[in-house]
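# Notes for the structure review
For reference, the chains in residue letters:
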Amino acid sequence: MTQDFRLKTQDLTTRCTWAGTDPLYIKYHDEEWGKPVYDDQTLFEFLILEGAQAGLSWITILRRRENYRKAFANFDVQKVAAFNEQDVERLLNDLGIIRNKLKVNAAILNARLFIEIQKEFGSFYNYIWAYIPGQKTIENNIQKMSDVPASTEISDRMSKDMKKRGFKFFGTTICYAFMQATGMVNDHLMNCCAR
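Residues numbered from 1 in each chain as written. Predicted model: local features only at pLDDT ≥ 70, side-chain atom pairs only at ≥ 80, totals over all residues. Heavy atoms only, no water.

### Thoughts on helix 9 (residues 153-164)
If you check helix 9, its first and last C-alpha atoms are 17 Å apart, about what 12 residues at 1.5 Å a residue would give, namely 16 Å. If you check which residues of helix 9 are buried, you get Ile154, Ser155, Met158, Ser159, Asp161 and Met162. Along the axis of helix 9, the buried residues cluster in a sector spanning 165°; they form a single face. When the buried face of helix 9 is taken as reference, the exposed residues oriented beyond 90 degrees from it are Lys160, Lys163 and Lys164. In this fold, the buried residues of helix 9 make contact with helix 2 (40-53), helix 8 (124-129), strand 3 (138-139) and helix 10 (172-181). The positive-phi residue at the C-terminal boundary of helix 9 is glycine 166, with phi of around 110°. (Helix = DSSP H or I, 4+ residues; strand = E, 2+ residues; numbered from the N terminus. Expected span 1.5 Å × (residues − 1). Buried < 20%, exposed > 50% of the residue type's maximum accessible area, 1.4 Å probe, protein only. Arc of directions from axis to C-beta. Contact = heavy atoms within 4.5 Å.)

### Considerations on the confidence of the model for the protein chain
Counting all residues, the mean pLDDT for the protein chain is 94, and 94% of those residues have values of 70 or more. Low pLDDT, under 50, characterises residues 1-7; the stretch is placed with 16 contacts to residues that sit more than four places away or in other chains. (pLDDT = per-residue confidence, 0-100.)

### Quick look at empty space enclosed by the protein
Following the criterion strictly, the structure yields 1 cavity of 30 Å³ or more and no others. Quantified by volume, the largest cavity comes out at close to 120 Å³. At the level of elements, helix 2 and helix 7 (101-121) are the ones that each hand at least two residues to the lining of the largest cavity. At 5 residues, the largest contribution of residues to the lining of the largest cavity is made by helix 7. For the lining of the largest cavity, the class distribution of residues is 10 nonpolar, 2 polar and 2 charged. (1 Å grid on protein atoms, 1.4 Å probe; cavity = no way out; pocket = protein on both sides within 12 Å on 5 of 7 lines; lining within 4 Å. Points joined across faces, edges and corners; volume = space filled by probe spheres on them. Nonpolar A, V, L, I, M, F, W, Y, C, P; charged D, E, K, R; others polar.)

### Re the environment of threonine 173
Along the chain, the position of threonine 173 falls in helix 10. When the C-alpha atoms of threonine 173 and glutamine 53 are compared, they prove to be 11 Å apart, with 120 residues separating the residues in sequence. Apart from residues no more than four positions distant in its own chain, threonine 173 is found in contact with Ala150 and Ser151.

### Notes on the environment of glutamate 32
By the element assignment, glutamate 32 lies in the loop between helix 1 (23-31) and helix 2. Of the residues examined, glutamate 32 reaches a relative accessible area of 26% and is grouped as partly exposed. The contacts of glutamate 32, once residues within four sequence positions are left out, are Lys27, Phe46, Arg65 and Ala181.

### Section: the nonpolar core
Ranked by size, the top nonpolar core spans 57 residues in total, and within it Tyr68, Phe72, Phe124 and Ile128 carry the most contacts. Looking at this core, the element that brings in the most residues is helix 7, giving 8 residues. Sequence-distant contacts of phenylalanine 72, defined by excluding residues within four places in its chain, comprise Ile48, Val80, Phe83, Leu91, Ile97 and Ala107. If you look at the next biggest cluster of nonpolar residues, it comprises 6 residues, including Cys16, Leu189, Cys192 and Ala194. (Core = buried A, V, L, I, M, F, W, Y, C linked by side-chain atoms within 4.5 Å.)

### Quick word on the pattern of salt bridges
Applying the stated criterion across every chain yields a total of 14 salt bridges. Where arginine 63 meets aspartate 22, a salt bridge forms, and the shortest distance between an N and an O atom there is 2.8 Å. Residue arginine 63 is found in the loop between helix 3 (58-62) and helix 4 (65-71), and its partner aspartate 22 is found in the loop between strand 2 (14-16) and helix 1; the two are separated by 41 residues along the sequence. Where lysine 164 meets aspartate 161, a salt bridge forms, and the shortest distance between an N and an O atom there is 3.8 Å. Residue lysine 164 and its partner aspartate 161 are located together in helix 9, separated by 3 residues, close to a single helical turn. (Salt bridge = Lys/Arg side-chain N within 4 Å of Asp/Glu carboxyl O.)

Okay, structure coming up:
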């Protein structure tokens, strides 16, 4: 007996199974995940959120997204890069985010490195999307969720270069999740409504 890997919601729309039934997750799945992101502020937002997610479920972070927006200056990379020890203390006492000192410090460090990349390449977008052939979303042929890779050769190269530049919490698996979230790859099921 084969298992049906599709999720049909009450409106009979077929979605990727990970979207579940949580309205917040469904909205994220339908409107954001796999859609190309071209602006640096949103790319920075996902860099922060994906790093925070390490070892946790994405819905845990998604439910705290607005808290992260407030705690991290609306994802203004210049402001986050200027955070000091008082800001670190404030963040570690913020019940609305994941209060992990390594992740908090990594977010601030990554903001500073993000700015360095912007200076070197003109934008973070120019740097990160250069890994994608023709800078066009890679359309993967996903028939069932088990077809979705945890990482790829591209995420390996991207992660390796970012680690060499000093980025933290951006291993190849987190990097691939970032690529999915920002539409560098489209891993929606072939029959998914958000494809």
